[in-house]
Amino acid sequence: MKAAVVVFPGSNCDRDLAVALRAAGADVAMAWHKDDALLPGTDLVAVPGGFSFGDYLRCGAIAARSPIAAAVQAHARRGGYVLGVCNGFQVLTEMGLLPGALMRNAGLKFICRTARLHVATADSAFTGNFAQGQEVRFPVAHHDGNYFADAETLARLQGEDRIAFTYASSLNGSVLDIAGVLSANRRVLGLMPHPERVADPGHGGTDGLALFRGLVDQLAPA
Amino acid sequence: MKATVTVMLKTGVLDPQGEAVRRALGSLGFEGVGGVRQGKVIELDLAAQDRATAETEVRAMCERLLANTVIESYRIELA
């Protein structure tokens, strides 16, 4: 499986994401924000956490309009897989690849701790190696993770089983405690918690491994 | 031509920062502040000379970058 990790000025989880993907067996290339194309044969684009463009204007807003963004959007339109973690999730909503928006945490504080999550659906390449309803622990580190979508969008997400992860208890004010959502074709996932930070025994937890391994298993050439 | 864009969270979208400001005003003794909404102001210096062109341009800028219309509304003033 060939993966591209996008690097923006201010990305700071790009290498962690690359390490986690490589450990799961992916062939990983880094893609610079000024590139206007992905390497041919890219199966998965991973958009990392961090503070792209200093979070200026809105988190992810500038990154979502950078040259690489058009290539990522075209990749998604072709049915390619895209994973956005934390700032990457914000970027994907700003690109319009995922519905809703990430707002300032309801408590206004930056939240940096390990969160208990529930896997809300196992029906995706990202979550197929988890059991539906399984509890996992992923670290969160964000100031703007308060997921918002209008009632109509939420009804659609629920009806189409597109809520991927929820917080086990209210964390940041997210509507329905949503921590991650899938696109309509289930090939784009955005989530605020960091699976790449629990992908090695040295991290103190390995709950995130199943996500990367699941992707590699599903996207490996048949 | 100069344009001033005011971006605010839409009505119905909870504004935790505005709410924190409201509480802080209350703790300073400013009574009677029913609600506070916090937004941002963006000033643009435009090459366009006529109003209609400027308005069309700025509207496109708002839709494509300056506002996230999922959660925000915007208002354009030209001078």
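For chain B, the name recorded in an unreviewed UniProt entry is Phosphoribosylformylglycinamidine synthase subunit PurS, with Rubellimicrobium aerolatum as its organism. Quoted verbatim from the Sequence similarities (unreviewed entry) field of UniProt, the annotation for chain B is "Belongs to the PurS family." On record in UniProt, under Pathway (unreviewed entry), the comment for chain B is "Purine metabolism; IMP biosynthesis via de novo pathway; 5-amino-1-(5-phospho-D-ribosyl)imidazole from N(2)-formyl-N(1)-(5-phospho-D-ribosyl)glycinamide: step 1/2."

Looking at an unreviewed UniProt entry, one finds chain A named Phosphoribosylformylglycinamidine synthase subunit PurQ and attributed to Rubellimicrobium aerolatum. Regarding chain A, the relevant UniProt record gives this comment under Subcellular location (unreviewed entry): "Cytoplasm".

Visitor: Help me out: how do you make sense of the sheet that holds strand S2 (residues 27-32) of chain A in this one?
Guide: Within a sheet, adjacent strands bond to each other through the backbone by hydrogen bonds, running parallel or antiparallel. All names here are of chain A. Read from one edge to the other, the open sheet built from nine strands follows the order S2-S1-S3-S4-S11-S10-S9-S6-S7, with strand pairing classed as mixed. In this open sheet, the two edge strands, each paired with only one partner strand, are S2 and strand S7 (135-142). Pairwise comparison of adjacent strand axes, ignoring direction, gives a mean angle of 20 degrees for this sheet. Bridge count between strand S1 (residues 2-7) and S2: six bridges; the pairing is parallel. Within S2, the position partnered with Lys2 by the bridge is Asp27.

Visitor: Is there a simple way to think about the sheet that holds strand S3 (residues 72-78) of chain B in this case?
Guide: Residue and element names in this part refer to chain B. One open sheet holds the three strands; their spatial order is S2-S1-S3, and the pairing between them is antiparallel. This sheet does not close on itself; its edge strands, each paired only once, are strand S2 (40-45) and S3. Within this sheet the neighbouring strands show an average axis-to-axis angle of 20 degrees, counted without direction. Bridging between strand S1 (residues 2-9) and S3 involves seven bridges; their strand directions are antiparallel. Bridged to Met8 within S3 is Ser73. Packed onto the sheet, helix H2 (residues 51-66) meets S1, S2 and S3 and runs at close to 155 degrees relative to S3.

About the thresholds
Residues numbered from 1 in each chain as written. Chains lettered and ligands numbered in written order. Predicted model: local features only at pLDDT ≥ 70, side-chain atom pairs only at ≥ 80, totals over all residues. UniProt positions renumbered as here; feature names shortened; annotations may be inferred. Pairing = 2+ DSSP bridges. Helix = DSSP H or I, 4+ residues; strand = E, 2+ residues; numbered from the N terminus. Axes fitted to C-alpha atoms, helices over the stretch in contact; angles between N-to-C directions. Contact = placed C-beta atoms within 7 Å.

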